[in-house]
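Listed below, chain by chain, are the residues.
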Amino acid sequence: MAASLDWSFLTVQVLSALRQAAFLFLISSGLTLVFGVLNILNFAHGALYMLGAYFIYALTLHLTGPTGFVIALLAAPLGVALIAAVIEAGLLRRIYVQEEIYQLLLTYSLVLIIDDLAKIVFGPEYKSIPKPDAISGAVTILGGTVPVYTLLVLVLAPAMALVLWYLLYKTRTGKIVRATSSDREMADALGINMTALFTLVFAFGAILAGFAGALAGPARTVFPGVGTEVIIESFVVVVIGGLGNLWGALIGSILIGTLETVGIIVFPEFEMSLIYLLMVAILVVRPWGLFGRPLKIKALSEKNLSMEAQEISPVHFSANALVRLVPLLILLAVPMVAGRFYQYLLTQILIASLVGVAFNLLLGTTGLLSFGQMAFYGVGAYTVGLLATKAGFSSLPALLLAPVFGALVAALIGFFCVRLSGVHFAMLTLAFGQLVYTVAFKWYGFTGGDNGIQGIPVRPLPGGIDIVSTQSMYYFALLVVGLSIEALRRIRSSPFGATLKAIRENNQRAAYLGVNVKLYQWTAFVIAGAFTGLAGGLYALMEKSITPDIIHWTKSGEPVFMTIIGGIYSFAGPMVGAVVFIVLNSYLVAWTEKWALVLGIVLLVMVLLLPGGVVGFINEKARGAFSKRGWVRRWTFSKSAGS
């Protein structure tokens with residue numbers, strides 16, 4: 001009897017793991033195919049998966065019975081492919097020459113737009129997709145009850161894999177796709193129509209994502225944002241298997257599907273962490289994945305980055321002390337004319353500015369794109385929260401320890417991350433960030449789990465200075481952020497900062513000149529982590545409560561948004577971006593339920609029309625105006641001599 005029960009349990013769990021692996025393979029195979037040919041890590045791939053699920057939902061409302069279900073299952077991916085072709089031809093084609101950061105941001109802006117459009121068209125409610133009676137029952141296998149639909153998935157997914165294999169390895173077009181994936185420059189030189197090929201590959205990748213969504217829809221509920229949950233698992237799969245490798249996607253899907261199932265049974269508290277631990281281990285030991293190959297990473301100087309001229313421009317943060325003094329005087333006077341809401345909003349902007357400037361020490365100054373930066377923000381916030389609630393620390397000592405712990409965690413994570421570059425660096429920081437998130441989310445005994453830490457006491461500063469009120473907290477944040485940003489400005493303007501810029505432009509050339517590139521990158525990573533941790537500590541004091549949501553990977557996109565909006569290559573850019581981002585976020589949420597749609601459109605416009613950001617746009621116009629008067633040559637010479 002016991003053996004029968006064991007076999008039945010094992011059967012159900014194995015088939016459940018294989019079904020999950022089937023869904024993941026269909027999604028990740030499209031993702032890795034697109035990356036292999038277009039060299040774009042497509043964040044919108046999860047949104048295309050969601051559209052596939054919504055399309056089959058809409059079609060099954062009108063097409064009933066087994067025949068109608070089959071028609072809907074085939075038509076839904078084709079509809080997704082049509083949308084994807086429009087996206088590639090109308091948007092992605094414009095930014096192939098830009099850095100990866102712009103490509104990632106554009107695809108993420110599409111996630112915001114598509115998610116909100118799905119709410120408008122299909123509604124915000126969870127949708128259940130009906131199955132025909134013929135596949136809605138269950139069967140008994142080795143004593144275990146298995147849904148018939150699970151068996152259907154386990155047949156259709158391998159069938160699609162065989163079709164994919166045949167198209168890639170037995171057709172002329174497939175050979176061209178594989179040749180382009182291996183050497184794009186050579187394929188272009190041989191006269192292959194790259195424009196048509198890119199559209200075809202992107203659309204076919206969308207078919208795979210749409211088919212995965214259509215196939216998974218009847219087994220799961222569908223709702224706006226489901227693609228965001230799926231895409232992170234797909235990234236894990238393609239990183240483990242190897243970016244651009246289909247066999248790697250298959251093995252990675254099986255590994256992750258099995259690990260998820262085993263984790264739920266054996267380690268229910270930390271099953272989420274197991275996936276990211278595996279991702280970290282693979283990236284550290286073999287960065288290009290189990291079946292992938294090392295990627296060719298171009299130096300920034302080889303790419304289309306004319307906006308680097310922002311570093312020497314008419315609008316320069318450090319050009320004159322008055323440029324910094326005037327905004328400071330305005331900020332000091334704000335509480336005299338602004339109410340509590342605006343004081344609170346400005347406090348948010350100050351904290352976000354510190355996060356953005358610290359993050360830009362990595363991206364704009366060193367050329368490192370971190371997708372897990374908010375992990376250090378969370379470490380700082382939890383340091384203050386735990387010390388204040390469990391150890392009875394006063395607010396100032398707890399806050400002073402926030403950057404210390406942020407730096408320590410950054411030193412550990414950075415030790416592994418700086419060994420990598422480009423997409424691999426970004427993916428490893430994402431994995432570490434999600435690992436920190438899962439620990440905070442699941443460790444109820446220490447962090448409070450998904451409930452977080454509530455009621456953080458804010459105790460007086462030395463001398464009895466109270467920072468509980470909105471106004472006093474604003475002035476305290478202004479002091480801390482002001483000193484921190486000035487410290488970061490001096491770091492960026494120092495010989496150390498100049499060396500970081502040299503590494504950003506061409507790290508191989510810097511290494512040939514005797515620069516210890518990895519040590520400099522690690523040091524910048526630690527400094528950025530320390531100041532981000534300080535910002536997290538300020539957030540905990542301001543809000544008096546924290547939850548793990550502040551660490552999630554979607555939050556790590558916020559400093560990226562702020563930096564792009566303001567301008568990557570200007571020190572003041574992230575601060576300007578923080579103002580725009582926080583104001584947009586605050587007022588859009590109050591004014592409209594479609595705030596994600598508006599924010600996505602704003603980001604899309606910034607990437608396409610203003611790649612230099614707000615500061616870059618102002619610099620460009622100012623240079624044009626000043627050059628007519630003969631001012632720019634003299635100003636540029638003096639700045640160059642001073643640096």
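In this report, we go over the structure that sits alongside the text.

1. What to know about the packing of aromatic side chains
Next up, step 1: Per the counting criterion, the structure on display carries 21 aromatic pairs.
Next up, step 2: When the ring of F341 is compared with that of Y342, the centres are 5.3 Å apart and the planes differ by 75°; the resulting orientation is edge-to-face.
Next up, step 3: Taking the relative accessible area as the measure of exposure, F341 reaches 45% and is therefore partly exposed.
Next up, step 4: Its relative accessible area of 44% is what places Y342 among the partly exposed residues.
Next up, step 5: The rings of F43, Y108, F235, F371, W553, F561 and F581 are connected pair by pair, giving a single aromatic cluster.
Next up, step 6: The aromatic ring of Y149 is capped on one face by K131, whose charged end is 5.7 Å from the ring centroid.
Next up, step 7: The ring centre of F415 lies 4.3 Å from the NZ or CZ of R419, which sits over that ring.

2. Thoughts on the nonpolar core
Generally speaking, a soluble globular protein has its nonpolar side chains buried in company with each other.
Next up, step 1: The biggest cluster of nonpolar side chains holds 192 residues, and the ones touching the most others in it are L38, M279, L369, M427, F476, L488 and I546.
Next up, step 2: At 14 residues, the largest contribution of residues to this core is made by helix α13 (residues 340-366).
Next up, step 3: Aside from chain neighbours lying at most four places away, what touches L369 is I101, L104, F359, L363, F425, A426, T429 and V560.

3. Some details on the layout of surface pockets
Next up, step 1: In this structure, the largest pocket spans a volume of roughly 1,200 Å³.
Next up, step 2: The set of elements that each furnish at least two residues to the lining of the largest pocket consists of α4 (100-122), α9 (226-241), α10 (246-266), α11 (271-285), α16 (422-442), α22 (553-566), α23 (573-591) and α24 (595-609).
Next up, step 3: Here the residues of the lining of the largest pocket sort into 20 nonpolar, 8 polar and 12 charged.

Thresholds applied
Residues numbered from 1 in each chain as written. Predicted model: local features only at pLDDT ≥ 70, side-chain atom pairs only at ≥ 80, totals over all residues. Heavy atoms only, no water. Phe/Tyr/Trp six-rings, centres within 6.5 Å; stacked < 30°, edge-to-face > 60°. Buried < 20%, exposed > 50% of the residue type's maximum accessible area, 1.4 Å probe, protein only. Lys NZ or Arg CZ within 6 Å of the ring centre and 35° of its normal. Core = buried A, V, L, I, M, F, W, Y, C linked by side-chain atoms within 4.5 Å. Helix = DSSP H or I, 4+ residues; strand = E, 2+ residues; numbered from the N terminus. Contact = heavy atoms within 4.5 Å. 1 Å grid on protein atoms, 1.4 Å probe; cavity = no way out; pocket = protein on both sides within 12 Å on 5 of 7 lines; lining within 4 Å. Points joined across faces, edges and corners; volume = space filled by probe spheres on them. Nonpolar A, V, L, I, M, F, W, Y, C, P; charged D, E, K, R; others polar.

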